[in-house]
Every structure is written in C-alpha cells, then in structure tokens.
Amino acid sequence: MADRLTTLLETRPWLLADGATGTNFFAMGLQHGDAPELWNLERPDDVVRHYRSFIDAGSDIVLTNTFGGTANRLKLHKADDRVFEINKAAAELARRAALEARAESGRGDVIVAGSMGPTGDLFEPIGPLTIATGAESFTEQARGLAAGGADLAWIETMSAVDEVKAAVQGATAAGLPYVVTLSFDTNGRTMMGVTPAQLAKLAQELDPRPLAFGGNCGTGASELMAALLNLESAKAAGDVLVAKSNCGIPQYVDGAIEYSGTPDLMADYARLALDAGVRIIGGCCGTSPDHVRAMRAALEGHEKGSAPDMATVISKLGAISKGAEQQQASPLGDLPAAPEGRRNRRRGRAVR
C-alpha cells in the first residue's frame, strides 16, 4: 500500500511544508532553555494552535513538536522516561489540528510528519554512540510517533552519516516510512563533512529508501539553494527533493532573536526551489505563518521554469560560500566515515 505522502505527490507537482517550531513558540511564551516538547503534555491547545497556524497558511505537511524527542535530549529536562508519551501526544495533536482544519474550512489532506532531530551526542569513534545504540533511542521516539498517528518520520537537521543510519533504523522498526534532510551549514557541507552529492549517494544506498531527501536549516536560503542544485545534479530518476530553508540569518534586536528573511525573499526562494526540481518546499528557523503564506501564493502563481544558475540564486537570495559553489562540478566522492576536528553542538531547537 502506498504511503500518504507518495499518494499526495502523485496528484500535485509540489507540496508546501511548514515553518519553524521553536522560534514561533518563543512568541507564545516559551523560555530559552525550556523544552518545547513538554508543551505537548503541558500546553496542548497552544501546540494545536501552532500547527493550525501553518495549516491555515497553506502548509500541506506539518512537522510534529518532537525535534528533541529522544531520551538523549529529554534527559536534559528530566523527561527521558516520557519519550513515548511525549511523541505520541505530539502526533495526536497534529492530527487533531488537521481534522479541525478540514471540518472548519474544508482543508484537504495534511501530512503529519514525525520530526526526529539529532540526539545531540557524537557517534564513534569521536563519541559514545554506536549506530545500534542510536537506533534504540530513535526507535523509542518513532514508536511514540507511530502510535499517535504520524504518517511518516521526518529525520531532519542531520550532519553525520551514522546518525542518519541510526534514525532510519529507528523509523523502520516502528513501521514508519521516512524523509531525511541534512543541514549544509559549513562551507557547503554538513558539520560532519557530508556534501549534498554524498547525501544523494547515501539516499540511493539506504534500505528502505527514503520517500524524499534534501536539506533544511543551514545559514539561509541562498546556501540551501546551492546545496539543492548540487543535489539535483546527483539525484537518480524518481528521487523527490526537499528544501526547508532558514528564514535568513538570526540577529538580536532589542534583546530578542529575529531573522532577516522577509516574506518576499522566501517567496523568491520557493520559486527558485521549484525551478531547481524540488517538490517539497518549506521553511525552517525563523519561518512564520506569514512567510509560508507568501510562499504558497508564490508557488500557486508560478509556472516551473529551468533550473537557476548560481548567479541567479545569488542575485535573488544573497551570497553563498565558495565551497558550496565549487561543489556543483565536483565528483560524488566517498561518504565521510570518521570526520575529525568537528565540534559538537545542540542543533536547531534553540532558535528553530
């Protein structure tokens, strides 16, 4: 039986994903350092309101509030014994939001994607995790998402090959098909050295194969577009690409984090992504419902053209790193097995 995402893609040339989670929760009262995942249990109506804000703005795919939903991350908040409960609640709330939108406005199908972000721990040989132990953590999370009614696992903001493999094993153990996106934020590579072309190679080797793959987060729309152009040149026939860019660059304004990307810039990014062959387009850190609404209007009013060149991307979205530009003509190369000298960091949720 076909999964719901593939079935929807068969009827549509593109799908619009949602925007940020954490950065929008800050506007609703989330404090820096708090776990947004706990809101699934403590403030469920606000979580539904968040989901609805993106559904009502035109998103066809909403990601659950579970980016940090592994025991590895929840232990920082003394909630590692509630992994299943937290993830199940998040998926149930997203399904509730989708059903309410359909009942109130006749909204069509909305895909509930179970967000699975990095554990925050490093893998061997430079850290304590193995693929097997990482898979155990992701399996626990994925089983909660599946029990709550998630349509698929959305493995996101990854930087290491072994962590991708562990997350895929976890999703598969829970019976969920999956999407995977990496964050290309280090001179056109992930923090652990993976290039866009190497992601394409990895996606073609994974078993089972991802429903879609691509990039998210990063350092802005122009850099992610460079990565997507590199992915487009390396993908196989039938591969579905995903772009979920940050909304510009974060900056402090009057003591609060704001992102530089305007709705007009994100609309340009959406059109360029579609021209580049991307079929699932959304936003990441800093992307609000207003940005998504502008992206929806841009996509609905745009006829797909030829893939943009780097000069067009730069003129529309801003400068890109030299490394990202050079990779378009580079060979696939081998997947990095043991990157050295990379720093660990707790990605994404602080501002996403």
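Cut-offs and rules
Residues numbered from 1 in each chain as written. Predicted model: local features only at pLDDT ≥ 70, side-chain atom pairs only at ≥ 80, totals over all residues. Heavy atoms only, no water. Buried < 20%, exposed > 50% of the residue type's maximum accessible area, 1.4 Å probe, protein only. Helix = DSSP H or I, 4+ residues; strand = E, 2+ residues; numbered from the N terminus. Pairing = 2+ DSSP bridges. Right-handed = clockwise from strand over helix to strand, strands pointing away. Axes fitted to C-alpha atoms, helices over the stretch in contact; angles between N-to-C directions. Parallel < 35°, antiparallel > 145°, perpendicular 65-115°, else oblique. Left-handed = near helix turned anticlockwise from the far one by under 90°. Contact = heavy atoms within 4.5 Å. Polar contact = N/O pair within 3.5 Å; in protein donor to acceptor, adjacent residues only side chain to side chain. Nonpolar A, V, L, I, M, F, W, Y, C, P; charged D, E, K, R; others polar. Salt bridge = Lys/Arg side-chain N within 4 Å of Asp/Glu carboxyl O. Disulfide = S-S within 2.5 Å.

A. Fine view of the pairing of strand β7 (residues 241-245). In terms of burial, β7 is largely enclosed, as five of its five residues are buried. Bridge analysis of strand β6 (residues 212-217) against β7 gives five bridges, and the strand direction is parallel. Within β7, the position partnered with Phe 213 by the bridge is Leu 241. As a crossover connection, the stretch from β6 through helix α10 (residues 221-234) into β7 is right-handed.

B. Main features of the packing of helix α11 (residues 263-275) against helix α13 (residues 310-317). Two elements in contact, α11 and α13, have axes whose closest approach is 10 Å; the angle formed by their N-to-C orientations is 160°. The orientation of α11 with respect to α13, classified from their angle, is roughly antiparallel. Seen along the crossing, α11 lies across α13 with a hand that is right-handed. Along its contact with α11, which presents Leu 265, Asp 268, Tyr 269 and Leu 272, the element α13 presents Thr 312, Val 313, Lys 316 and Leu 317.

C. Fine view of the side chain of Asp 18. Within the secondary structure layout, Asp 18 lies in the loop between β1 (15-16) and α2 (22-26). Of note is the side chain of Asp 18, whose polar atom sits 2.9 Å from the side chain of Lys 244. When residues no more than four places from it in sequence are discounted, the contact partners of Asp 18 are Phe 54, Ser 59, Ile 61, Val 62, Leu 63, Lys 244, Gly 282, Gly 283 and Val 292.

D. Main features of the sheet that holds strand β2 (residues 61-63). Spatial ordering of the open sheet is given by β1-β10-β7-β6-β5-β4-β3-β2, a layout of eight strands whose pairing is parallel. Of all the strands in the sheet, the pair left with one neighbour each is β1 and β2. Bridging between strand β4 (residues 152-158) and strand β5 (residues 178-182) involves four bridges; their strand directions are parallel. Note on β5: the bridge partner recorded for Trp 154 is Val 179.

E. Region of interest: the packing of helix α9 (residues 196-205) against α10. Following both chains from N to C, one finds α9 and α10 inclined at 45°, their axes separated by 8 Å at the closest point. Viewed along their axes, α9 and α10 adopt a mutual orientation that is oblique. Crossing geometry of α9 relative to α10 is assigned as right-handed. Listed contacts from α10 to Pro 196, Ala 197, Leu 199, Ala 200 and Gln 204 of α9 are Ala 227, Asn 230, Leu 231 and Ala 234. Its residues assigned to classes, the contact of α9 with α10 comprises seven nonpolar, two polar and no charged.

F. How the structure looks around the pattern of salt bridges. One pass over the full model with this rule turns up 22 salt bridges. One salt bridge in this structure joins Asp 45 and Arg 96, with 3.0 Å as the shortest N-O distance. One end of the pair, Asp 45, is in helix α4 (residues 44-57); the other, Arg 96, is in helix α6 (residues 83-105), with 51 residues separating them in the sequence. With a relative accessible area of 34%, Arg 96 lands in the partly exposed category. Between Arg 293 and Asp 290 there is a salt bridge whose closest N-O contact spans 2.9 Å. Linking Arg 293 with Asp 290, this pair stays in helix α12 (residues 289-300), spanning three residues, or about one helical turn. What emerges from the salt-bridge pattern is a single network uniting Asp 45, Arg 52, Asp 56, Arg 96, Glu 100 and Glu 104.

G. Molecular detail of the side chain of Lys 244. By secondary structure assignment, the location of Lys 244 is in strand β7. A distance of 2.7 Å separates a polar side-chain atom of Lys 244 from the backbone oxygen of Gly 283.

H. Inspection of the environment of Gly 305 at higher detail. Positionally, Gly 305 belongs in the loop between α12 and α13. In sequence terms Gly 305 and Leu 274 are 31 residues apart; their C-alpha atoms lie 8.1 Å from each other.

I. Structural detail: the state of the cysteines. Per the counting criterion, the structure on display carries zero disulfides. In this structure Cys 217 is a free cysteine whose sulfur lies 3.8 Å from that of Cys 285, the closest cysteine sulfur available.

J. Expanded view of unusual backbone geometry. Look at the link from Glu 124 to Pro 125: it is a cis peptide, with omega at 5°. For Pro 125, the location among the structural elements is in the loop between β3 (111-116) and α7 (131-147). A positive phi angle, close to 55°, is found at Lys 78, a residue other than glycine. Residue position: Lys 78 is located in the loop between α5 (71-74) and α6. Phi at Cys 217 is positive, roughly 60°, even though this residue is not glycine. With respect to the helices and strands, the residue Cys 217 is situated in strand β6.

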